[in-house]
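# Topology and contacts: notes
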Amino acid sequence: MTLAFELSALKALADPGEVFTEARQWSRFVGVVSDEPTYVVTNFTRKRRIRQDFFSGPKGKGESLEAVKGQFDTDRHVFIGTTDEDRALAEEYGWEFLPIEEAAAAADWALGEEEDEADEPVEDQRDDWP
């Protein structure tokens, strides 16, 4: 199976790194698909030590799903997402769709609060600078 997570689905998990590691046990290829800029996906996955087999790069989600399906020949292609738009894209490009809540329940993954990169503490902010 080829398993693709939408970035927002990964962010909804309590421990996305552990989920990726576990998913590798029963998936042949695991990656991230997002409309976010490449550096956003890279920063998120690097901070959590997630090793992905593929990611969107500069392409949109639809193009990425099409390219991944063409490149990774497996019996199933499953896209885990969060929105009705994700479901529609999966159907349009011939992927099975699974909402993150259903995937988490089936695999016994813990959901967490969605992280907002803007809410991370700013380190060493100086208030005495002109």
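Here goes a summary of the coordinates provided. Because the structure is a prediction, the values reported are computed rather than measured. (Residues numbered from 1 in each chain as written. Predicted model: local features only at pLDDT ≥ 70, side-chain atom pairs only at ≥ 80, totals over all residues. Heavy atoms only, no water.)

### Things to note about the overall build of the protein
Short version of the rule: In this description a helix means any DSSP run of H or I spanning at least four residues, a strand means any run of E spanning at least two, and both kinds are numbered starting from the N terminus. Residue burial is assigned from relative accessible area. The probe radius is 1.4 Å, only protein chains are included, and a residue is buried under 20% of its type maximum, exposed over 50%, and partly exposed in between. Only heavy atoms matter for contacts: two residues are in contact if any of them lie within 4.5 Å across the pair. Shrake-Rupley sampling with a 1.4 Å probe provides the accessible areas, and residues are treated as covered by the protein chains on show and by no other component.
The number of helices and strands found in the protein is 6 helices and 5 strands. When the helices and strands of the protein are placed in sequence order, the string is β-α-α-β-α-β-α-β-α-β-α. Put simply, the protein has 130 residues, and 45% of those count as buried. Residue pairs at least 24 apart in sequence account for 63% of intrachain contacts in the protein once pairs closer than 6 positions are excluded. Surface exposure of the protein reaches about 7900 Å², of which carbon and sulfur atoms provide 45%.

### Focus: helix H3 (residues 38–47)
Three or four residues apart is the spacing at which side chains of an α-helix point the same way, because the helix has 3.6 residues per turn. Those residues of H3 not exposed but buried are Val-40, Val-41, Thr-42, Phe-44 and Thr-45. The elements touched by buried residues of H3 are helix H1 (7–11), helix H2 (16–26), strand S2 (29–33) and strand S3 (54–55). Immediately beyond the C-terminal end of H3, within one or two residues, lies Arg-49, with a positive phi of roughly 55°.

### Examining the side chain of Lys-61
Note that Lys-61 resides in helix H4 (residues 61–71). Excluding anything up to four places from it in sequence, Lys-61 contacts Glu-6, Val-33, Ser-34, Asp-35, Phe-79, Asp-86 and Leu-89.

### Description of the pairing of strand S5 (residues 96–99)
For clarity, the cut-off: Strand pairing is assigned whenever DSSP identifies at least 2 bridges connecting the two strands. Whether a crossover is right-handed depends on one test, that the path from the first strand over the helix to the second runs clockwise when the strands point away from the viewer.
Here S5 shows one buried face, formed by Phe-97 and Pro-99, and one open face, formed by Glu-96 and Leu-98. Of the strand pairs in this sheet, strand S4 (residues 77–81) and S5 are connected by 4 bridges, and their pairing is parallel. Paired with Gly-81 across the strands is Pro-99, a residue of S5. On the question of chirality, the crossover connecting S4 to the parallel S5 by way of helix H5 (residues 84–92) is right-handed.

### Regarding the sheet that holds S3
Pairing within the open sheet is parallel, and its 5 strands lie in the order S3-S2-S1-S4-S5. Of all strands in the sheet, those bounded by a partner on one side alone are S3 and S5.

### Remarks on the packing of H4 against H5
To keep it simple, the criterion reads: What counts as an axis is a line fitted to C-alpha atoms, over the stretch in contact for a helix, and the angles between N-to-C directions run from 0 to 180 degrees. Left-handed describes a crossing whose near helix is turned anticlockwise from the far helix through less than a right angle; right-handed describes the clockwise counterpart. In this count, Pro and Cys sit with the nonpolar residues alongside Ala, Val, Leu, Ile, Met, Phe, Trp and Tyr, while Asp, Glu, Lys and Arg are called charged and the others, Gly among them, polar.
Viewed as axis vectors pointing N to C, H4 and H5 meet at an angle of 35°, and their least axial separation amounts to 10 Å. H5 is crossed by H4, and the crossing has right-handed handedness. Contacts between H4 and H5 pair Lys-61, Gly-62 and Leu-65 from the former with Asp-86, Leu-89 and Ala-90 from the latter. Residues that form the contact of H4 with H5 fall into these classes: 3 nonpolar, 1 polar and 2 charged.

### So, the pattern of salt bridges
Note the threshold: By definition here, a salt bridge exists when the distance from a side-chain nitrogen of Lys or Arg to a carboxyl oxygen of Asp or Glu is within 4 Å.
Here the structure, examined in full by the defined rule, presents 5 salt bridges. Among the salt bridges present, the one from Glu-6 reaches Lys-61, with a minimum N-O distance of 3.3 Å. Residue Glu-6 is located in strand S1 (residues 2–6), and its partner Lys-61 is located in helix H4; the two are separated by 55 residues in the primary sequence. You'll find Glu-6 and Lys-61 in the same group, each marked buried. The partner of Asp-86 in a salt bridge is Lys-61, with the nearest N and O atoms 2.7 Å apart.

### Section: the side chain of His-77
Rule in force here: Polar contact is the term for a pair of N or O atoms within 3.5 Å; when the atoms are in protein, one must be able to donate a hydrogen and the other to accept it, and sequence-neighboring residues count only if both atoms are side-chain atoms.
Summarising the element assignment, His-77 is placed in strand S4. A distance of 2.7 Å separates a polar atom in the side chain of His-77 from the backbone oxygen of Phe-72. Setting aside chain neighbours within four positions, we find His-77 in contact with Thr-2, Lys-69, Phe-72, Trp-95 and Glu-96.

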